[in-house]
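What follows is each chain in one-letter form.
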Amino acid sequence: MSETLTPHALGPVRASRMFTAIIEAVIDLIDAQGLKAGNRLPNEGQLTQMLSVSRPTLRQALRVLESAQIISVRKGQQGGIFVETDMIPIGPLAEHTAHELESIESLLLTRRLIEPIVVHLAAEFATAEELDRIQYTIDRMDHFRNSSEMVTRADYMYHRRVAMASHNETLRRTMNRLHQRLLPLFHAIGVEIDDVDRVLAVHTRQLAAIRAKDHELLDVLLRETLADLEKDAGLDFPYGIRWHELDDALTFSANP
């Protein structure tokens, strides 16, 4: 970090699309402090505190800035966040920001509309063996709790196996493709070690509700789970899917 950085160079940001506000704040920092290519920026932990934002949202903004070649994020002991240019390329920045917004919003909306159907069908049709295979992914997550990468992998396998338990091939393929496209976002967000207990609790409660075929509880858990990721992405969808019975037949309806 530049030694000329003043204590109040950054402050909390507030916006409906939080990551775009972070992008502006980082660019303002580079400009206001006269930073040049090669200068080190505050690290992730410092930036989250300075801006009062979540680490997932910060990583989303850093990904856009890196794609636009304004910064570089380097791994390792000598790594950090570095300025690549003080001449901000407006075109590429706008393009990457727009792509990020469109891609994430589309994917998360699709997930909100499809995943509840898959989970509710799994509750109806999962075999005992499939339920045990889902439990195994939760056990693996607990076993690898000190590895963010392995926890993320176990989380991915959890969703794949729930989709398989829906016994609907079209939905299974759709969910698998959806989660594959969401993987860059999941990797950017990661699962912080401090969050593992929360993620384990969510999956454990959801699997228990699937076993019990408790569709009402599943609706509550799904709303909470989906809303968490959407909030990290600065999104708030005013509608969703819930399970209900109609004329003695199980069906779905979209509800505001």
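Preceding block: the structure.
Residues numbered from 1 in each chain as written. Predicted model: local features only at pLDDT ≥ 70, side-chain atom pairs only at ≥ 80, totals over all residues. Heavy atoms only, no water.

## Describing the overall build of the protein chain
Along the protein chain, the regular secondary structure elements total nine helices and five strands. Along the chain direction, N to C, the helices and strands of the protein chain fall in the order α-β-α-α-β-β-α-α-α-α-α-α-β-β. Going through the 256 residues of the protein chain one by one, you find that 45% of them count as buried. Intrachain contacts of the protein chain at a sequence separation of at least 6 include 71% that bridge at least 24 residues. Here the protein chain displays about 13400 Å² of accessible surface, and carbon together with sulfur accounts for 51% of that area. (Helix = DSSP H or I, 4+ residues; strand = E, 2+ residues; numbered from the N terminus. Buried < 20%, exposed > 50% of the residue type's maximum accessible area, 1.4 Å probe, protein only. Contact = heavy atoms within 4.5 Å. Areas by Shrake-Rupley, 256 points an atom, 1.4 Å probe, with all protein chains shown as cover.)

## Considering the sheet that holds strand S3 (residues 80-83)
Across the sheet, which stays open at both edges, the three strands sit in the order S1-S3-S2 with antiparallel pairing between neighbours. Looking at strand neighbours, the two that pair on one side only are strand S1 (40-41) and strand S2 (71-74), the edges of this open sheet. Across two bridges, the pairing between S1 and S3 is antiparallel. Across the sheet, residue Leu41 finds its bridge partner in S3, namely Ile81. Relative to S2, helix H3 (residues 55-67) is tilted by about 120°, and along the sheet it contacts S2 and S3. (Pairing = 2+ DSSP bridges. Axes fitted to C-alpha atoms, helices over the stretch in contact; angles between N-to-C directions.)

## As for the pairing of S2
Relative to S3, S2 runs antiparallel, the two sharing four bridges. Within S3, the residue paired with Ser72 across the bridge is Phe82. Where S2 folds back on S3, the antiparallel hairpin that results is connected by five residues, among which Gly76 adopts a positive phi of roughly 95°.

## Considerations on the packing of aromatic side chains
For the coordinates displayed, the defined rule picks out one aromatic pair. Positioned over the ring face of Phe82 is Arg74, at 3.9 Å from the centre of the ring. (Phe/Tyr/Trp six-rings, centres within 6.5 Å; stacked < 30°, edge-to-face > 60°. Lys NZ or Arg CZ within 6 Å of the ring centre and 35° of its normal.)

## Notes on the nonpolar core
Core analysis: the biggest nonpolar cluster contains 37 residues, and Leu108, Val118 and Val162 have the highest contact counts within it. Elements supplying a minimum of two residues to this core: helix H4 (90-125), helix H5 (128-143), helix H6 (148-164), helix H7 (169-189), helix H8 (196-212) and helix H9 (215-232). With near-sequence residues (within four places) excluded, Val162 lies in contact with Val118, Val119, Ala122 and Ile134. Grouped together as the second largest cluster of nonpolar side chains are 26 residues, Leu41, Leu51, Ala61 and Leu65 included. (Core = buried A, V, L, I, M, F, W, Y, C linked by side-chain atoms within 4.5 Å.)

## A word on the pattern of salt bridges
Evaluated as defined, the whole model comprises 10 salt bridges. For the salt bridge of Glu44 with Arg59, the shortest nitrogen-to-oxygen distance reads 3.2 Å. Here Arg59 lies in helix H3 and Glu44 lies in helix H2 (residues 44-51), a separation of 15 residues in the sequence. We note a salt bridge from Asp197 to Arg145, for which the minimum N-O separation is 2.9 Å. Linking Asp197 in helix H8 with Arg145 in the loop between H5 and H6, this pair joins segments that are 52 residues apart in sequence. Exposure remark for Arg145: the relative accessible area of 26% places this residue in the partly exposed category. (Salt bridge = Lys/Arg side-chain N within 4 Å of Asp/Glu carboxyl O.)

## Details of the packing of H5 against H8
Relative orientation of the contacting elements H5 and H8 amounts to 170°, with a least axis distance of 10 Å. Regarding the angle of H5 to H8, the classification is roughly antiparallel. Residues Leu131, Asp132, Ile134, Gln135, Ile138, Met141 and Asp142 of H5 touch H8, and the partners they reach there are Val196, Val199, Leu200, His203, Thr204, Leu207, Ile210 and Arg211. Residues belonging to the contact of H5 with H8 are distributed by class as follows: nine nonpolar, three polar and three charged. (Parallel < 35°, antiparallel > 145°, perpendicular 65-115°, else oblique. Nonpolar A, V, L, I, M, F, W, Y, C, P; charged D, E, K, R; others polar.)

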